[in-house]
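Fold and contact review
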Amino acid sequence: FLLKDLHLGNRSDADEKNQVDMRKGCFDKSDWKTWNGIALWSKAWTEVISVRYEKIRDSVAFRKQYLPRIAFVNIKKEAGGPSVCIKEIKDYADTQKEKIIEEIKLLNPDVIITCGTFDVAKIIFDYKESDIKKLELKNGGWRKKIRYFENGKKLEFDKTVYVVEYRHPCMASYEKCF
């Protein structure tokens, strides 16, 4: 999962430099909406099923079950607030893209889910809009168009890695089914 930055908020687990060990931090109650959304998507991607958001609202147990299955990267390494200027994230990604790519290579992903960061991923992986493919998902009356590209040009994997557009996990409650 490719996220923007850490929302520091009123975290009780931040140290004096406002740094958080996310191996534990994703279970903090202050961030339940983001991490429940990611846990939900982890379940959907790893079990390839349709799941409903309402069933897991504020469940630390659910997160503990599904978050260990995935990895995530914050593009901007410094903590921020509840919202962030996307230009700041894009500028950071442009100047730090080699370090971000190295971090992603170490994780060796099969799929990269961009959490509101698809346009930033295009900067990191040097993709143009003409390189983007589109897929329409349908489930009954529900439809979602998703943009994606294959094999970030700078990842150089021997396998296909899909970089998929999706919204930020805090926006998860705005749709009924995933």
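Further up the page is the structure itself.
Small disclaimer: the values here were computed from a predicted structure and weren't measured.

1. Remarks on the packing of aromatic side chains
Tallied over the full model, the rule gives four aromatic pairs. Here the aromatic rings of tyrosine 127 and phenylalanine 149 are separated by 4.0 Å at their centres, their planes lie at 15°, and the arrangement is stacked. Pair noted here: tyrosine 127 is in the loop between helix H5 (118-124) and strand S4 (133-139) and phenylalanine 149 is in strand S5 (residues 142-150), with a separation of 22 residues, a long-range link. You can call phenylalanine 149 buried: its relative accessible area is 0%. Counting every residue linked through ring pairs, the aromatic cluster contains Phe118, Phe125, Tyr127 and Phe149.

2. Quick notes on the nonpolar core
Of all hydrophobic cores here, the largest spans 22 residues; its most connected members are Ile75, Ile124 and Phe125. Counting residues per element, the ones that place at least two in this core are helix H4 (86-107) and H5. It is H4 that contributes the most residues to this core, six residues altogether. Counting residues in hydrophobic clusters, the runner-up holds 16 residues, among them Leu3, Leu40, Tyr66 and Ile113.

Quick notes on the rules
- Residues numbered from 1 in each chain as written.
- Predicted model: local features only at pLDDT ≥ 70, side-chain atom pairs only at ≥ 80, totals over all residues.
- Heavy atoms only, no water.
- Phe/Tyr/Trp six-rings, centres within 6.5 Å; stacked < 30°, edge-to-face > 60°.
- Helix = DSSP H or I, 4+ residues; strand = E, 2+ residues; numbered from the N terminus.
- Buried < 20%, exposed > 50% of the residue type's maximum accessible area, 1.4 Å probe, protein only.
- Core = buried A, V, L, I, M, F, W, Y, C linked by side-chain atoms within 4.5 Å.

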